[in-house]
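Per-entry structural report
The chain contents come next:
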Amino acid sequence: MDVTEILKNLNESQEQAVTSDNQHLLVLAGAGSGKTRVLVHRIAWKVQVENISPFGILAVTFTNKAAGEMRDRIETLLAQSLRGMWVGTFHGLAHRLLKMHWNDAKLPENFQILDSDDQLRLIKRVTKSLDLDDQKWPPRQSQWWINSQKDEGLRPDNIREDKDPYLSVMVKIYRSYEELCNRLGVIDFAELLLRALELWKNCPSVLAHYQNRFKHILIDEFQDTNSVQYQWLKTLSSSFSDVTAVGDDDQSIYGWRGAKVENILSFERDFKETKVVKLEQNYRSTSNILNAANAVIKRNADRLGKNLWTDLGEGEPIFLYSAFNENDEARYIVENLKSWIDQGNNRQDAAVLYRSNAQSRVIESALLQFDIPYRVYGGQRFFERLEIKNALAYMRLILNCHDDVAFERVVNIPPRGIGERTVDAVREHARNISISMWSAAKAMIVDKNLNTRSANALAAFLNLINEMSNTLEALPLSELAENSIEMSGLIEMHRREKGERGQSRVENLEELVGACKNFTPESIDTPVLAQFLDQVSLEAGERQANEDQDAVQLMTLHSAKGLEFPLVIMAGMEENLFPHKMSQNEPGRLEEERRLAYVGITRAMQKLYFTCAETRNLYGTDHFNPVSRFVRDVPKEFMKEVRLKNTVIRPTSFSTNSRISDSGDLTGFELGQRVGHHVYGEGVILNFEGNGPRARVHVSFEQVGTKILILASANLQSL
DNA sequence: AAGGCAAATGTTTTT
DNA sequence: CATTTGCCTT
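This structure is a prediction, so every number in the text was calculated from the model and none was measured.

Criteria and thresholds
Residues numbered from 1 in each chain as written. Chains lettered and ligands numbered in written order. Predicted model: local features only at pLDDT ≥ 70, side-chain atom pairs only at ≥ 80, totals over all residues. Heavy atoms only, no water. Helix = DSSP H or I, 4+ residues; strand = E, 2+ residues; numbered from the N terminus. Buried < 20%, exposed > 50% of the residue type's maximum accessible area, 1.4 Å probe, protein only. Contact = heavy atoms within 4.5 Å. Lys, Arg positive; Asp, Glu negative; His and termini not counted. Charge placed at Lys NZ, Arg CZ, Asp CG, Glu CD. Pairing = 2+ DSSP bridges. Axes fitted to C-alpha atoms, helices over the stretch in contact; angles between N-to-C directions. Parallel < 35°, antiparallel > 145°, perpendicular 65-115°, else oblique. Left-handed = near helix turned anticlockwise from the far one by under 90°. Patch = residues over 30% accessible without salt bridge, like charges linked within 9 Å, V, L, I, M, F, W, Y side chains within 5 Å. Areas by Shrake-Rupley, 256 points an atom, 1.4 Å probe, with all protein chains shown as cover. Salt bridge = Lys/Arg side-chain N within 4 Å of Asp/Glu carboxyl O. Near = heavy atom within 4 Å. Polar contact = N/O pair within 3.5 Å; in protein donor to acceptor, adjacent residues only side chain to side chain. Nonpolar A, V, L, I, M, F, W, Y, C, P; charged D, E, K, R; others polar. Core = buried A, V, L, I, M, F, W, Y, C linked by side-chain atoms within 4.5 Å. Domains from an automatic or database assignment. Buried area = accessible area lost by both parts, 1.4 Å probe.

Our next topic: the overall build of chain A. Helices and strands together make up the secondary structure of chain A, namely 28 helices and 21 strands. Referenced to the eigenvectors of the C-alpha coordinate spread, the extents of chain A come out at roughly 90 × 75 × 55 Å. Residue burial in chain A is summarised as follows: out of 719 residues, 53% are buried. Restricting to contacts in chain A with at least 6 residues of sequence separation, those with at least 24 account for 74%. Taking the 86 positively charged and 98 negatively charged side chains of chain A as two groups, their mean positions are separated by 3 Å.

A word on the pairing of strand β12 (residues 552–556). On any regular strand, side chains alternate: one points to one face of the sheet, the next to the other face. Most of β12 is tucked away: 5 of the 5 residues are buried. Of the two faces of β12, the one holding V552, L554 and T556 and the one holding Q553 and M555 are both buried throughout. Pairing analysis gives 4 bridges linking strand β10 (residues 350–354) to β12, with the strands arranged parallel. What sits directly across from A351, in β12, is Q553. One ladder, built from 3 bridges, connects strand β11 (residues 374–376) with β12; its direction is parallel. Of the residues in β12, the one forming a bridge with Y374 is V552.

This part covers the packing of helix α14 (residues 326–342) against helix α15 (residues 360–369). Running from N to C, α14 and α15 point in directions that differ by 50°, and their axes come no closer than 9 Å. The orientation of α14 relative to α15 falls into the category oblique. Pair α14 / α15 crosses with right-handed handedness. Here α14 contributes E326, N327, A330, I333, V334 and L337 to the contact with α15, which in turn contributes V362, I363, A366 and L367.

On to a negative patch on the surface. A surface patch of negative charge is lined by E479, E482, E486, E507 and E510. Within the residue set of the negative patch, elements represented by two or more residues are α21 (477–487) and α23 (500–518). With 3 residues, α21 is the single largest residue contributor to the negative patch. Note on placement: E507 falls in helix α23. Taking relative accessible area as the criterion, E507 reaches 41% and is therefore assigned partly exposed.

With that settled, consider the protein's contact with DNA strand C. Looking at DNA strand C, the residues that line it are R361, R501, Y619 and G620. A distance of 3.5 Å separates a phosphate oxygen of DNA strand C from a polar side-chain atom of R361. Residue Y619 places a main-chain N or O atom 3.4 Å away from a base nitrogen belonging to DNA strand C. Residue composition of the surface near DNA strand C, grouped by class: 1 nonpolar, 1 polar and 2 charged.

Around DNA strand B, the structure places 33 residues, and the nearest of them are R355, G419, T556, S583 and R589. A distance of 3.4 Å separates a base oxygen of DNA strand B from a polar atom in the side chain of H91. Taking T422, its side chain carries an N or O atom lying 3.1 Å from a phosphate oxygen of DNA strand B. Mapped by element, the contributors of at least two residues to the surface near DNA strand B are α18 (420–432) and α25 (587–601). Each residue belonging to the surface near DNA strand B can be placed in one class, and the counts come to 8 nonpolar, 16 polar and 9 charged.

Counting 50 residues, the largest nonpolar core has L392, M395, F407, F461 and F532 as its most contacted members. Examining the composition of this core, we find that 9 residues originate from one element, helix α20 (residues 452–472), more than from any other.

Another aspect to go through is unusual backbone geometry. Following I413, the chain continues into P414 via a peptide bond in cis, with omega recorded as -5°. Mapped onto the elements of the fold, P414 is located in the loop between α17 (404–410) and α18. Looking along the chain, the bond that leaves F578 and enters P579 is cis, with omega of 5°. Note on placement: P579 falls in the loop between β13 (565–570) and α25. One non-glycine residue, E221, lies in the positive phi region at around 50°. Turning to its location among the elements, E221 is positioned in the loop between β6 (216–219) and α11 (227–236).

Quick look at the pattern of salt bridges now. Here the idea is simple: oppositely charged side chains can pair when their charged atoms come close. Scanning the model with the defined rule gives 43 salt bridges in all. Here R427 and D424 are joined by a salt bridge, their closest N and O atoms 3.1 Å apart. Of the two residues, R427 and D424 are both situated in helix α18; the distance of 3 residues between them amounts to about one turn of the helix. Via salt bridges that share partners, K150, R155, E178, D188, E191, R195 and E198 belong to a single interconnected network.

With that settled, the discussion passes to the environment of A443. Within the element layout of this structure, A443 appears in helix α19 (residues 437–446). Residue classification places A443 among the partly exposed positions, given a relative accessible area of 23%. The spacing of A443 and H429 is 14 residues in sequence and 9.3 Å in space, taken between C-alpha atoms.

Quick look at helix α24 (residues 528–538) now. Burial of α24 is extensive: 8 of the 11 residues sit out of reach of the surface. Listing the buried residues of α24 in full gives L529, A530, Q531, F532, L533, D534, V536 and S537. On its buried face, α24 sits against α5 (90–100), β4 (112–113), α9 (189–202), α16 (386–399), α21 and α23.

Our next topic: the environment of Q211. As for its position among the elements, Q211 is in helix α10 (residues 204–213). Look at Q211 and you get buried, because its relative accessible area is 17%. In this structure, the C-alpha to C-alpha distance between Q211 and P138, residues 73 residues apart in sequence, is 42 Å. The contact partners of Q211, leaving out residues within four places of it in the chain, are T235, L236, S237, S238 and F240.

Here strand β9 (residues 318–325) lies mainly inside the structure; 7 of its 8 residues are buried. Two elements, β9 and strand β16 (residues 639–642), share 4 bridges in a ladder whose sense is parallel. Looking at the pairing, L320 lines up with E641 of β16. As paired strands, β9 and strand β14 (residues 604–618) are joined by 6 bridges and run parallel to one another. When the sheet's bridge partners are listed, N325 is paired in β14 with T615.

Strand order in this open sheet of 6 strands is β3-β2-β6-β7-β1-β8, and the pairing throughout is parallel. Every interior strand has two partners, whereas the edge strands, β3 (86–89) and β8 (274–279), have only one. Sheet twist, expressed as the mean angle between neighbouring strand axes with direction ignored, is 15°. Sheet contacts for helix α2 (residues 12–19): β1 (24–29) and β8; angle to β8, the most-contacted strand, approximately 150°. Across the face of the sheet, α11 comes into contact with β2 (57–61), β6 and β7 (242–247) while running at roughly 165° to β6.

This part is about the domain arrangement of chain A. You can read the domains of chain A as domain 1 (3–102 + 193–281), domain 2 (112–184), domain 3 (318–378 + 548–649), domain 4 (382–540) and domain 5 (674–718). Each of domain 2 and domain 4 has a C-alpha centre, and these two points are 27 Å apart. Of the residues lining the interface, 11 residues belong to domain 2; the matching set on domain 4 comes to 13 residues. Here domain 2 packs against domain 4, burying approximately 1,100 Å² in sum over the two surfaces, 45% of which is carbon and sulfur. Sorting the residues of domain 2 by area buried against domain 4 places Q112, I113 and R125 first, and these three jointly supply 43% of that buried surface. The interface formed by domain 2 and domain 4 contains 4 salt bridges. For E420, the salt bridge is made with K128, and the minimal N-O distance between the two is 3.6 Å. Summed over the shared surface of domain 2 and domain 4, the number is 4 residue pairs in polar contact (both at pLDDT 80 or more). Contributing elements (two or more residues each) for the side of domain 2 that touches domain 4: β4, α6 (116–129) and α8 (165–184). Considering each element in turn, the side of domain 2 that touches domain 4 owes the most residues, 5 residues, to α6. Residue composition of the side of domain 2 that touches domain 4, grouped by class: 3 nonpolar, 1 polar and 7 charged.

If you want it as structure tokens, here you go:
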């Protein structure tokens, strides 16, 4: 056997991890230390050197994308196909299990997956049916609470209400929601995991089968596992299986959604004979960037402790620009992106990272103005869009007209005269005699217990679905989709919608047809339509399809995890924004914000910018936030503060309807002029605002930064 | 039942 | 500021 290829270009600790023959292995991999590489090579090592069949290997990742990449990389390395090896996300694997053992899991054979949107819809209904005021019991909050319980593995019966009125209402909602899901034959994402765990706990024979099969288990991003996932792992692994867990406690940023960093600590305790390997050499960033990252993360108390180092050299300092407002910040960002591109670099090698999605808007308009192509990641995903979900609901009804969730969604879309009252009546009837809404509607029309208008409208809908089923079911997937959006009237509805919005919805529907064309079914014994709908609910898909165009990347710090870019700009480095003000009061959450900063900084390979705005208009009001503590934690020696040059007039806004007034003419001062102030010292005039006695002036002072002063009372001296 | 206007309401996100 | 929700009218 040829091991040289597998061990080539691995450093000492990487090689240790790849070849370790301890039963269990915990790899603590710092940012950019080659963690995926180790995982890929370890699997290759097991297959090629230890002669383990891919059939006995289970690899778990956090995103579908990561799963695909891992399989590709191993197959390339080994130059062989790995059919039989299970690679996927926890949710994907759980789904696969439940599909195979639906009967043991007490599920209907064709159970559907609810996305969080559908889930919220059902919880709203539950809240209403329990006669609870949805102002006092916001469905969003109930949804969050229920999911947290499920992430902890808790059913309503496991929760001790202890006369706590809040808890007892929550448990009541949880219980009714569970009943509703069971009745509809649907399960949400958290349920997927919990059911899969319970399947194993309740069916020893099923568990034994998988314990026997998967004797080699590997898990990526271990710091992001929640309680149920950890229990799942513990249940699956038996005394004769080996487990490899890879993670970085400093990059745990999903605590707010149930992830437990402590799982890393528990691992050594629960899995005996664990070898721990630390990967501390970083191959990604210059030492200035890495030192900055280390300085920031050092201030966290609960760390396993790692010391990342690099031999890539010092590189450039980190640039800090304190902008006057968010428009000036955007302008500075775009100028620097432009010069990066003008120097011959790829646009896609530059990324702008921010704490919250709302920040992208200003940066986007600046990029548009300067004609720089960009791509925004995150936000709403393709298969979660309203128009797409409607189209999918029609396709679901073609496959199975008893799908109540789909039925309710589109029964009156486009509007066809079936209002809330009619739907209520149908739902009530369906519930009373335990049949689907489809059957209930049919029965009610025949029995004539509806007014003529509603009955006719409802009959028209039933006929439409029948006709669609008859004419479309046998067609290839893409034609089925194309005809569905046509026959249902969805595309016509959006064509008539005025404005850009309608147009983009039409385009999205057309893109759905394209997505259907590209879909490759996995098995031959399930209908292609069913496979497509299942896949779509498990991976919502990317926002835009034009992946190939070279574009600057915009995303939140969260979605940047796992990625790297030669140039990174971290925007909005201000207190209250980052760390977010919601996290300021709890030490635990503040530590998570700090880890988020660490993740952001360690994305950068060569060049890193911090930008902040002294005035930020958010939701229509001005905020004056001090610079983020994470910036202040970086020692000055690694940073270079960019100051305004007094010879250059900085426009404070890039937009055409700029409010730079000409009041300067009347005041004896002009933009860019050097002035002196008795308290703040010397500075440069950036902008005038307003007229008359209320006229204000924005001055960037060398010592204290930008201040907004009332011109009449500031008593500025021209210099 | 549907469309229009005022009021409310804004972290992070994968599955 | 911008978008979504809810109430009100036709």
